[in-house]
Number of protein chains: 2
Amino acid sequence: MAPAASQLPGSVIADIDGRRRVVIENLRPRVDGGRFAVKRIAGDVVEVTADVFADGHDVVAAVVRHRRDGARRFGESRMLPLGNDRFAGAFTVDDLGRHTFTVRAWIDRFATWRDQLARRLEAGQDVGVELEVGAGLIDEAAAAAPAAARPALAGWRDRLRAADDEAAAAALDPVLAALMARHDPRPHCTDAEPEIAVWADRPLARFSAWYELFPRSLGGERHGTLRDVEHAIDRVAGMGFDVLYLPPVHPIGETHRKGPNNSPTSAPGDLGSPWAIGSAAGGHTAVHSDLGTVADVRRLAEKCAGRGLALALDIAFQCSPDHPWVREHPEWFRHRPDGSIRHAENPPKRYEDIYPLDFESEDWRGLWEALLEVVRFWIGQGVSVFRVDNPHTKPFPFWEWLIAEVTREHPETIFLAEAFTRPRVMERLAKAGFTQSYTYFAWRNGKHELEEYVRELTQTGLREYFRPSFWPNTPDILTEPMQSGGRPTFAARLVLAATLSPSYGIYGPAFELVEQRGLRPGSEEYLDSEKYQLRDWDTGDPDSLEPLVAAVNAARRAHPALQSNDRLELRHVDNDLLMAYTAHTADLADVVLTVVNLDPHHTQSGWVELPLDRLGIDAEHPYQVHDLLSEATYTWQGARNYVEIDPRRLPAHIFHVRRRVRSEHDFEYYA
Amino acid sequence: MAPAASQLPGSVIADIDGRRRVVIENLRPRVDGGRFAVKRIAGDVVEVTADVFADGHDVVAAVVRHRRDGARRFGESRMLPLGNDRFAGAFTVDDLGRHTFTVRAWIDRFATWRDQLARRLEAGQDVGVELEVGAGLIDEAAAAAPAAARPALAGWRDRLRAADDEAAAAALDPVLAALMARHDPRPHCTDAEPEIAVWADRPLARFSAWYELFPRSLGGERHGTLRDVEHAIDRVAGMGFDVLYLPPVHPIGETHRKGPNNSPTSAPGDLGSPWAIGSAAGGHTAVHSDLGTVADVRRLAEKCAGRGLALALDIAFQCSPDHPWVREHPEWFRHRPDGSIRHAENPPKRYEDIYPLDFESEDWRGLWEALLEVVRFWIGQGVSVFRVDNPHTKPFPFWEWLIAEVTREHPETIFLAEAFTRPRVMERLAKAGFTQSYTYFAWRNGKHELEEYVRELTQTGLREYFRPSFWPNTPDILTEPMQSGGRPTFAARLVLAATLSPSYGIYGPAFELVEQRGLRPGSEEYLDSEKYQLRDWDTGDPDSLEPLVAAVNAARRAHPALQSNDRLELRHVDNDLLMAYTAHTADLADVVLTVVNLDPHHTQSGWVELPLDRLGIDAEHPYQVHDLLSEATYTWQGARNYVEIDPRRLPAHIFHVRRRVRSEHDFEYYA
């Protein structure tokens, strides 16, 4: 059977511009060929590279073209050749939201002609006719140029046509080259397709320290309230956090309510899990009466903002059997042949206090719209940061649509995906639009596995769209090393999370009070978990890690090197229980070296190797490393230096690397 | 400014199928996201992989769908999970030409239900309602199934509904699972886009030994003819070649004709370069009268075919100043302001005997059609293999169109790209459709650079579309190592070319007669090059490499391992002047180990390491390596074995690896 001609690319001559000779390939950055947006922060310079080439030996020219999404006009900046047909350019995403870019390239006829002319002249060839060719090119450019540019171009043309001793020099004049680069037409130019989207977030999307707490535990003996949270703001802000995140604040269902320690039955007075959302008192847009009111949330968001904190709420799209939607929209739930609604389960496990929403409902559009309204409702109360519970159990198209809908109106909104699941699923959620993502960090404890994971996050395509958030603990996760390692492990994991990832978080006060009691051996659940009961935390405990947390967050805020993982680089130490890495700013003005002892029991020592050149350190002179945690300062020299860390004191150094600087009064100091 | 909603992917709910939950990513094989075809040979099994997953924990199912290009119906084969959301499947490209494939995936509701049921039963849960759910799924499948399948499905449904002791066992019966896999509907399935094209060539496209000769040198004292070539067929076929390739056979221009050794002036009687095509006697569809006629070409092609040889002609799309097109189509050439036609040049170098065609001509469509007619003309004379001269100086869209046009009608046609240029350009020509490509092999002489190049060709994305052809020499290329290394270098380069690449070629008789005289120091041109004059070769020379060439080609034909580079693997030798590599068939029935001494002057020795497991060799027993060149046999044992090669005798071993086999009469032998 003869194939249909229309399906053979390039086979229908009428559809081809046969003179479009320039090819653009391998455009970067790009996610899945342009299907998803690259993520950046407003104000970032986006570096663009591409392979740009044509047949033959003509000179090609290329520009990056970029625009605010939906704008008619492109901004444009020239790309420069890096060799081997690779070109590089850049543009800045000035404001929040969606931008797009592409590359346009064409045969640069004037540059080709000029390049050949130079070689002809060098070989002493007669160039009379060639100068006339060049004059013709200038004429063509003038015809297409704005009127204001024409006299200058005509002047150059006349100098070439003069055919005198100076004509050749004029032809090679860089001023003429620059003029022609601006005005020469670009016939048969090629545009890279598709346009690549860049989503620009606010800085908090890249650099953020999160603190999670349960409001209901803030009341001491009684049930805590949102007003109690207001009183905790000073402590949280004082520790240097950027985001205060609360588990769901909605009414909790009574049917099949869980008792303490996830008991399948509850006694009167048991509080149930905040994630069993909805009761006769309301659903996802209501506030639990024991916590307060919607007005209290609005007030809390304002108070937080006043202290430089963003309030984050939990988005958990699931319902208790008592949620109003169960009655109002039974079609949003899956029914069994006996008429009952299917509760959440992962056989043989059952979660009788929760009904999942049925995204295969015939009325999925109605459901989507209702869920969007939930997010809009809380945005209306002043909330712009959301931690999304189990996003991997809802369809990817839903998230892509919801996040696009929300951020089109509110581009400052941040969504953190709580998906602890398989790699491809976590990646896809990030591609679909989640601003930040929980990670496997909690389960990466050895040096090799930590290093491998950091490399994957910072040196592969993931870096363009997946913003990791490192959490040593969460209300669901108390790992075995944390249960057994105690305080040194808590401290080491804090430093690792806060310096390996520009976004990280802890669940407190359990974290700083070193709550290490697991439910039972082999379980990662807490004993007496706050998910099911109140806890009365003694945040004034003198053994609290609060001062260390504050010091770590202060180091992060003072050092721009720690505010991005674009230049996080692992360093060699000749001891597998010590892990070392540097981060630096693009201009090398700020360099931070972190060294962590992964052994909670013993002092470990070793030699750390630094690539001095790369970090802007003079190999011939001493330099200082100043520990931002202990305030100790050491003078080092050369590439290899000794470190020794006793985990019972402080399990890590966060070193600010200070190089010798000469002042204008010829006085040397370290900075 | 608010972005246009229509530009935000997934933001218009009316355009979304919100229940299409399965995602397909990272489909392989694929070239540039599907923009270009993957290359295979008719009869090949195409192995397909993809990441296939959905939200949640449902079981997903996937099939590879494939069809002959333009066919309405797809063939379909099930994909199997490899773990970590990766799936693999395969299909066969049965016949020549263009095929396409894609992956279709969906939530497998029955498999999900069955999996959960098994877990419920194991936990001793009551499954009464679940069996009813399963019966409902069977009913739905039956409603969509062909009438013939319905009774069987109804029977299974009834067994589930019986709710007796055997109902659960019936529900888990693999026969029911297989039946449901065939008939269960696939609601909201996802198709990977775009469909990926696979171009299936004939076997010669992958495995071919080329022999190039100048017909005009075959006449002894006089000008040789195409009839003389007929007499050379036996020798060429006897050496085991598959393709006999002739430089252009067309009339040669007289204007600015080159003299011997590329002299800018010629004397009467000088023959000129065959690549200066066209005279008053005709152009690209004419045959030089001293060589013969078009009918002679047709006859030669037939004679070649009779001896298992394919005749290859040279396609050089350029004209001498005397070519008829210069008069008939002046618009196909570029004119200078003084009215003259621009000759070929790369300033300051000038090629006055050649006018390039102007692909930026206003009449580029007319030019393209004329060039297509040239190819069609020679196909009409029985030629189906073309070596294309300097394709990199013509636009990529032209080649993509021309090759598509030709191969749609004549899918057996083979185009070898003679592009010795930058990597991206060579790659793009292969993507555009060239069947085979010349390579950098001639300039890769050290072990490290050879190994690096082989890795690039066989282990990167290139392997899907770039079929290398390795040539130790061509009429344009006599490298310095060949000039200085003499016979041992010629022999080593032959073995390397013929065993590192399933397609290779030599320019003879210069090659087998060890013509090593360069034009001058630093030049890669031959002294007294056949490009500009006749050469009278003594092919009966007893020192000729002809017997070695024949032995090498015989080894290639006898050993399927050498007929593809899919499983070419470099092997470690503890001597940088020895290079070793193995090739094997997928079933390990044929294993070949090649070891080459890269030093033309001295005997080199070393220990070769083989991964015995991987090659199907028993580490506990001896095995034999039989040299296909010297016929010597060695008995080896274990992973490391000693080799010693004297380049003055034979610079290489091509070992057939024979493992011990026990016959049915309990007699052991090596095979």
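Everything below is about the structure shown above.
Anyway, here's the lowdown on the structure attached to this text. (Residues numbered from 1 in each chain as written. Chains lettered and ligands numbered in written order. Predicted model: local features only at pLDDT ≥ 70, side-chain atom pairs only at ≥ 80, totals over all residues. Heavy atoms only, no water.)

What follows is about the sheet that holds strand β11 (residues 208-212) of chain A. Residues and elements named next belong to chain A. The strand order β11-β12-β13-β18-β19-β20-β21-β22 describes a closed barrel built from 8 strands, whose pairing is parallel. In this sheet, adjacent strand axes meet at a mean angle of 30° when their direction is disregarded. Along the sheet, helix α7 (residues 294-306) makes contact with β12 (243-245) and β13 (310-315), crossing β13 at roughly 140°. (Pairing = 2+ DSSP bridges. Helix = DSSP H or I, 4+ residues; strand = E, 2+ residues; numbered from the N terminus. Axes fitted to C-alpha atoms, helices over the stretch in contact; angles between N-to-C directions. Contact = heavy atoms within 4.5 Å.)

Residues and elements named next belong to chain A. The contact between helix α2 (residues 128-144) and helix α3 (residues 150-161) brings their axes to 9 Å, and the two run at 170°. When the axes of α2 and α3 are compared, the pair comes out roughly antiparallel. Along its contact with α2, which presents L131, E132, G134, A135, G136, I138, D139, A141, A142 and A143, the element α3 presents R150, L153, W156, R157, L160 and R161. Classifying every residue of the contact of α2 with α3 gives 9 nonpolar, 2 polar and 5 charged. (Parallel < 35°, antiparallel > 145°, perpendicular 65-115°, else oblique. Nonpolar A, V, L, I, M, F, W, Y, C, P; charged D, E, K, R; others polar.)

What follows concerns the side chain of N473 of chain B. Residues and elements named next belong to chain B. Within the secondary structure, N473 sits in the loop between β21 (468-470) and α13 (480-500). Residue classification places N473 among the buried positions, given a relative accessible area of 0%. Within the structure, N473 has its side chain in polar contact with the backbone nitrogen of Y507 (distance 2.9 Å). A distance of 2.9 Å separates the side chain of N473 from the side chain of Y526, its partner in a polar contact. In contact with N473, not counting residues within four places along its chain, are M482, I506, Y507, A510, F511 and Y526. (Buried < 20%, exposed > 50% of the residue type's maximum accessible area, 1.4 Å probe, protein only. Polar contact = N/O pair within 3.5 Å; in protein donor to acceptor, adjacent residues only side chain to side chain.)

With that settled, consider the packing of α13 of chain B against helix α14 (residues 546-558) of chain B. In helix packing, the relevant descriptors are the interaxial angle and the interaxial distance, both defined with respect to the helix axes. Residues and elements named next belong to chain B. As a packed pair, α13 and α14 sit with axes 10 Å apart at the nearest point and diverge in direction by 15°. Put simply, α13 runs roughly parallel to α14. Crossing geometry of α13 relative to α14 is assigned as right-handed. Along its contact with α13, which presents A491, L494, V495 and A498, the element α14 presents L548, V549, V552 and R556. Broken down by class, the residue content of the contact of α13 with α14 amounts to 7 nonpolar, no polar and 1 charged. (Left-handed = near helix turned anticlockwise from the far one by under 90°.)

Another aspect to go through is the pattern of salt bridges. Going through the model one piece at a time under the given rule, you end up with 130 salt bridges over all chains. Here E130 of chain A ties to R336 of chain B by a salt bridge, and the two come within 3.2 Å at their closest N and O atoms. Of this pair, E130 of chain A sits in helix α2 while R336 of chain B sits in the loop between α8 (324-328) and β15 (344-346), placing the two residues on different chains. Judged by relative accessible area, which is 4%, E130 of chain A ranks as buried. The partly exposed category is assigned to R336 of chain B, whose relative accessible area is 25%. (Salt bridge = Lys/Arg side-chain N within 4 Å of Asp/Glu carboxyl O.)

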